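Chain and residue survey
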Amino acid sequence: MASSGQSQPQQQEPYLPYRYCKTLSVHSRAVSCVKFSPDGELLATASLDETLAIICARTLTLKSRLIGHTEGVSDFAWSSCSRYICSASDDKLVRIWEVETAKSIKTFRGHSDYVFCVDFSPDTKRVVSGSFDETVRVWDVKNSGIERVIQAHSMPVTSVNFNRDGSLIVSSSHDGTCKIWDAEKGTCLKVLIDDRGGPAVSFAKFSPNGKFILVATLDDTLKLWNHLTGKSLKIYQGHVNNVYCITSTFSVTNGRYVVGGSEDRCVYLWDLKGKNMVQRLEGHSDTVISVTCHPQKNMIASASLDKDKTVRIWVQDV
């Protein structure tokens, strides 16, 4: 009989591998971004073919296409209610789309160069965008206008992301820096990484709980940072990433993992806490530029560049 008050050590569940499920061919050029909607009903993709595609996440069939940009679309973000998408394009515009009607309902003009990255605030009242013009811009959705221009970086901005309550924005840049901004005031609260002359910071994203930031640099490295202490906690390696701004994400439906693309045409999964790589998914024929995890199901979608042009779906058999 076990002695009272003694807690038994928790046994970690064995890792259940993902397997290939389906290939989606919905674009005629490189697929630049792929994201499941927050409610898990839809999967959206963006492409250098100037369009976004909306796919039913249950049947994995094309529902509609968002047409309006006149150059390639680099990035997009879902609103928290899953009804709207904001998109960033080389045509220097940010657009907001109503997903149900596939209509562009707002257009934000102001960037003087390619718009490379974009995000919705959790309350959908703001959109933040980053551009090759080196600025981060915060837009007022209701009034369809600019709220703030932040002279954020000295080289193109590679990513922008709100935290879970919309009070903070993290931005990254080819200038080797990653910065945290007050979303309301536009002031810089912290320079998390300042490695000018070092590798470009190609991607940054808050963790779901808002306590950490996942940061990619173009030296084949992903790091998890505690942004409050400014300390790097974990390093994830094994993938190849020194050219493209590859987006990574967190998988939280069955264990805690970091999922990322790679220039060796694979998808990588790492144990979030242990840092060890647990699986490499092969099948794409070009760089895997973007990955997304379904919010409820054990499902990953990955997107690849011009020699491939497809989205692949991967699932766990639970």
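Anything mentioned here points back to the structure above.
Notes on the structure in this doc start here. What you see is a predicted model; the values in this text were computed from it and never measured.

**Some thoughts on the pairing of strand β9 (residues 103-109)**
Consecutive side chains of a regular strand alternate in pointing toward one face of the sheet and then the other. Relative to β9, strand β8 (residues 93-98) is paired through 6 bridges, and the arrangement is antiparallel. Paired with E98 across the bridge in β9 is K103. In sequence, β8 turns back onto β9 through a hairpin of 4 residues, with A102 there showing a positive phi of about 60 degrees.

**Observations regarding the packing of aromatic side chains**
The final tally for this structure, using the stated rule, is 7 aromatic pairs. On the basis of an interplanar angle of 5 degrees and a centroid distance of 5.0 Å, the ring pair of F108 and W139 is categorised as stacked. One end of the pair, F108, is in strand β9; the other, W139, is in strand β12 (residues 136-140), with 31 residues separating them in the sequence. W139 matches F108 in its accessibility class, with the two residues each being buried. Taking 5.4 Å as the distance between ring centres and 65 degrees as the angle between the ring planes, the aromatic pair formed by Y114 and F132 counts as edge-to-face. Taken together, the residues Y114 in the loop between β9 and β10 (115-120) and F132 in the loop between β11 (126-131) and β12 connect sequence positions 18 residues apart.

**Some remarks on the nonpolar core**
The biggest cluster of nonpolar side chains holds 20 residues, and the ones touching the most others in it are L24, L43, A301, V311 and I313. Looking at this core, the elements that each hand over two or more residues are β2 (31-36), β4 (51-56), β27 (299-304) and β28 (311-316). Among the nonpolar cores identified, the runner-up in size contains 14 residues, and L42, L52, L66 and A102 belong to it.

**Thoughts on the sheet that holds strand β3 (residues 42-47)**
Spatially, the 4 strands line up as an open sheet ordered β2-β3-β4-β5, and their pairing is antiparallel. Because the sheet does not close on itself, it has two edges, and the strands there are β2 and β5 (62-67). With strand direction ignored, the average angle separating the axes of adjacent strands in the sheet is 20 degrees. Summarising the sheet, β2 and β3 pair through 5 bridges and their orientation is antiparallel. In the strand pairing of β3, F36 is matched with L43.

The rules behind each value
- Residues numbered from 1 in each chain as written.
- Predicted model: local features only at pLDDT ≥ 70, side-chain atom pairs only at ≥ 80, totals over all residues.
- Heavy atoms only, no water.
- Pairing = 2+ DSSP bridges.
- Helix = DSSP H or I, 4+ residues; strand = E, 2+ residues; numbered from the N terminus.
- Phe/Tyr/Trp six-rings, centres within 6.5 Å; stacked < 30°, edge-to-face > 60°.
- Buried < 20%, exposed > 50% of the residue type's maximum accessible area, 1.4 Å probe, protein only.
- Core = buried A, V, L, I, M, F, W, Y, C linked by side-chain atoms within 4.5 Å.
- Axes fitted to C-alpha atoms, helices over the stretch in contact; angles between N-to-C directions.

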